[in-house]
Amino acid sequence: MRLAEHRLARAGLPFLVAAAAVGIGYALSVGLAGYFVYLGVSAVVAAIALLGLGVVTGTAGMISLCQLTFAAVGAFVVSACNVAGVPGGFGTWLLLGGLAAAVAGVLVGLPALRLRGITLAVVTLGLAAAADHTLVQIQFPGATEGLSVERPEAFSDDRSYFLFAVLVLVACGLVVHFLRRGRWGSSWHLVAFSERGTAAVGAGVRTSKLTAFAVSAALGGISGGLLTGQVGLAFPASFTAIQSLALYVLAIMSGAHLIDMAVFGALLWVAVPELLKRWGVPQDWGFVVFGVLGVQALTGRGNLGTAVRALWYRRRSGRTAGVGLTEAVTDVEPLPPGGPVLEVRGLSVSFGHVTALSEVDITVPEHGILGVIGPNGAGKSTLVDAISGFLPRATGTATLGGRPLTGSPTRRARAGLRRTFQQDRVPPGLTVGAYVRFVARRRLTGRELDGALEFFGCPAARTPLSRVDAGARRLVEVVGHLLAKPRVLLLDEPAAGLPHEEHVAFGRRLRQVPARFGVSVLLIEHDLDLVRSVCDTLTVLDFGRVLASGPQADVLADPAVLKAYMGETELL
Ligand SMILES: Nc1ncnc2c1ncn2[C@@H]1O[C@H](COP(=O)(O)OP(=O)(O)OP(=O)(O)O)[C@@H](O)[C@H]1O
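Residues numbered from 1 in each chain as written. Predicted model: local features only at pLDDT ≥ 70, side-chain atom pairs only at ≥ 80, totals over all residues. Heavy atoms only, no water.

Turning our eyes to something else, we now look at the UniProt feature "transmembrane region" (unreviewed entry) in the protein. UniProt feature "transmembrane region" (unreviewed entry): in the numbering of this structure it lies at residues 12-29, 35-56, 68-87, 93-113, 120-140, 160-179, 210-233 and 245-270. Helix makes up 100% of residues 35-56 and strand 0%, whereas the separation of the span's terminal C-alpha atoms amounts to 32 Å. The span residues 245-270 is 85% helical and 0% strand by assignment, and the distance between its end C-alpha atoms comes to 15 Å. (UniProt positions renumbered as here; feature names shortened; annotations may be inferred. Helix = DSSP H or I, 4+ residues; strand = E, 2+ residues; numbered from the N terminus.)

Pairing in this open sheet of six strands is mixed, and the strands run β6-β7-β8-β3-β9-β10 from one edge to the other. Two strands in the sheet have a free side with no partner beyond their single neighbour: β6 (417-419) and β10 (545-551). Taken over all neighbouring pairs, the strand axes of this sheet differ in orientation by 15 degrees on average, direction set aside. (Pairing = 2+ DSSP bridges. Axes fitted to C-alpha atoms, helices over the stretch in contact; angles between N-to-C directions.)

Our focus in this paragraph is the site of the ligand. Residues in close proximity to the ligand total 14 residues, the closest being Gly377, Gly379, Lys380, Ser381 and Thr382. Separating an oxygen atom of the ligand from a backbone N or O atom of Gly377 is a distance of 2.9 Å. Between the ligand and Gln422, the relevant distance is 3.1 Å, taken from an oxygen atom to a side-chain nitrogen or oxygen of the residue. Within the complex, 60% of the 630 Å² of free accessible area of the ligand lies under protein. For the shell around the ligand, the leading source of residues is helix α14 (residues 380-387), giving three residues. (Near = heavy atom within 4 Å. Polar contact = N/O pair within 3.5 Å; in protein donor to acceptor, adjacent residues only side chain to side chain. Areas by Shrake-Rupley, 256 points an atom, 1.4 Å probe, with all protein chains shown as cover.)

Turning to the packing of helix α7 (residues 183-193) against helix α9 (residues 205-231), a few remarks are in order. When two helices pack together, their arrangement is given by the angle between their axes and by how far apart the axes lie. Running from N to C, α7 and α9 point in directions that differ by 110 degrees, and their axes come no closer than 9 Å. The orientation of α7 relative to α9 falls into the category roughly perpendicular. Where α7 crosses over α9, the two elements pack in a sense that is left-handed. For the pair α7 and α9, the contacting residues are Trp184, Ser187, Trp188 and Val191 in the first and Val205, Ser208, Lys209, Thr211, Ala212 and Val215 in the second. The residue inventory of the contact of α7 with α9, partitioned by class, reads six nonpolar, three polar and one charged. (Parallel < 35°, antiparallel > 145°, perpendicular 65-115°, else oblique. Left-handed = near helix turned anticlockwise from the far one by under 90°. Contact = heavy atoms within 4.5 Å. Nonpolar A, V, L, I, M, F, W, Y, C, P; charged D, E, K, R; others polar.)

The next subject is the nonpolar core. With 88 residues, the main nonpolar core has Ile48, Leu50, Phe90, Leu226 and Phe239 as its most contacted residues. In terms of residues, this core owes the most to one element, helix α2 (residues 34-59), which gives 15 residues. Other than its neighbours up to four places away in sequence, Leu226 contacts Val44, Val45, Ile48, Phe90, Leu94, Tyr161, Phe164, Ala165 and Val168. (Core = buried A, V, L, I, M, F, W, Y, C linked by side-chain atoms within 4.5 Å. Buried < 20%, exposed > 50% of the residue type's maximum accessible area, 1.4 Å probe, protein only.)

According to the domain assignment, the protein contains domain 1 (24-241) and domain 2 (340-416 + 486-571). Placing the centre of domain 1 and that of domain 2 at their C-alpha centroids yields a distance of 48 Å. On the domain 2 side, the residues contacting the seven residues of domain 1 number six residues. Of the roughly 490 Å² buried at the junction of domain 1 and domain 2 (both faces included), carbon and sulfur atoms supply 55%. Of all residues in domain 1, Arg196, Ala199 and Gly202 give up the largest surface area on contact with domain 2, accounting jointly for 77% of the area buried on that side. The interface formed by domain 1 and domain 2 holds one salt bridge in total. (Domains from an automatic or database assignment. Buried area = accessible area lost by both parts, 1.4 Å probe. Salt bridge = Lys/Arg side-chain N within 4 Å of Asp/Glu carboxyl O.)

Right, let's get into a nonpolar patch on the surface. A cluster of nonpolar residues, Leu275, Trp279, Val281, Trp285, Val288 and Val292, forms a patch on the protein surface that exposes about 620 Å² of accessible area. With three residues, helix α12 (residues 285-299) is the largest single contributor of residues to the nonpolar patch. Structurally, Val292 is set in helix α12. Judged by relative accessible area, which is 56%, Val292 ranks as exposed. (Patch = residues over 30% accessible without salt bridge, like charges linked within 9 Å, V, L, I, M, F, W, Y side chains within 5 Å.)

Structure representation (C-alpha cells):
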C-alpha cells in the first residue's frame, strides 16, 4: 500500500511542480513592473530553446550549434501563417512552427548519423551562418509590410502574454520530462554514452539521434514562434549564428538537460546583457562572459546542474551502491543441454597483418553454458564482436536457432543474440530500472524487474546508475539482457569488476541462468574457478585458433591446453 502511495506521489510530482510553476508565472505576470514582464517573456523563450538544446546536447550527447536557426524556422512559419491568415490562431501557428522546425531538425540530424564531435559542430555552425545570411536576404513574411503577428485573443497584452508563454514553457517541460522517462529518453542517454552499447540492445542508433534532433528542433521552433508573438515582427538579428553559439555554451555550462537548469540558464541569458547595459558596458560583452563560463564548463568536469545534484546526493548518502551476492538463493535444477542453438563455422578476422581469429568453430548448446577461455590476446573479445555483427568484414557463417545470423548488430540483437561488453557501456544518466527496462525492450512487471535485480544482488531499480559501482553496473547490464529473453547471451568477462570473493556466488547464479531465464550463454572469463563451476563445455582459443573444444573435464585435461594456455600443469 505504502509502495503504491509512493508510486502515485512520484507520478503526480511533475504535475504538482507544473501547477506551482503556473502559479508563480501568474503571480509574476501581475506583480512585475512592465519592463520586467517583457524581460520575463524573453527568459521564457530562451528557456524553451535551452530545453531543446538540453535534449540534443545534454542528453543525447551531440553538438548542435544551430538552435536559433530552428527558432527562425518557427518564427518564419508563425509569421507566414499570420500573413496568410491561417485558421486556428496563434496557438495553432506555434504548433505548426514547432512541427516545421522538427522536420528541419531531422534534415540536420541526417549528417549527424555519420559525423561526430568537432565535425558536427562545424557543420551545424556553418548551417546557422548560412541561414543567418539567407534570412537577411529574404526577410520574414510580413516584415517589409510591417504586418505585426496577432497574439492569442485572451493573451493579447504583455502581462497576459507572459502568462501564456509560461503555460507553453510548462507544457514543453512536461513533454520533455515524460519523453526522457520513456523509451526515447533512455535511447538518448544510451547513444550519448555508447553507440555500440545502443546497437547491442537492438535499439536503432539512427532513430535515437534523429528523434533527439527532431524534439530539440521542435522546441527551438516553438521558442522562435513565441518570440515572434512577443515582438510582433521577427527580425534576422534575433537568430544569428553567434547567438546560437552563445546559447549552446550556456546550455553546456548550466546543464540544460535538467529542466530547472534550462530555466536558470535562460535567466542568465537575459540578466547578463541587461546588467551590462545598466553598467554602461556594450551588451556584446555578454558573449564574452558566456564564452568564459563555457570554457570553464568544458575544461572542468560536468556542469553547474550536475554539480549541485552531486552535492545533494552526497549529503543524502555518501556511499556508492555495489553488488550484494552474499544472500543465499534457492537453487533451481539445471536443464540438460539440448541441441545447438548458436553455431559458428570457419570464423576468421584480420586486423591488417594481425590474424585475430582463424577458422574458428564454436557451438553453444540450447540451455547450456559454453565457456571460451584463452590467454590475453587469444581473440576472445574479437569472437564476441564478430558474432554480434560489430566486425562486418569477418568471414565465416553463423546460425541462431537454425537461421542464418547476419546483418547489423541491431538486427542480430533483435534476432535473439545479445552481448555484454568488457568496457562499461551502462549510461550513468539513467536509473537502474530505466536502463534495465530499456535494454529488455519488452514490458516488465515490477516483480519481474525487482526479482531479477535481487537475484543478481544488484542495487534497487530506483538507484541512479551514477551511484552504482563498476562491478554492479556490469551485473545490471547482464540483468537487462537476460530480461530481454534472447536465445543466446554472449558475456564478455562479466565478473571482471567484482571482488574476488563474490565470484563464486556470481557463478552459482550464472549456472541457473538457462533454467531461470530460458537463455543459453557463451561465457568469456579468465577466472578458471568460475569457469569450472559454471560451464558444461569449453572452447580454448590460442593465437586466434581453436586449441581444444568439448566437455569441460576433457578440455581442462588436454595436454595441449595445459601447455599452451596455463604453462604450468600444477595450476590445473
Ligand atoms: N581493433 C583492432 N585493431 C588491431 N588489432 C586488434 C584490434 N582488436 C583486437 N586486435 C588484436 O587481435 C588480437 C585478439 O584480441 P582480443 O581483444 O580479441 O583478445 P582477447 O582474447 O579478448 O584478449 P583479452 O583477454 O586481453 O581481452 C590481439 O592480438 C589484438 O591485439
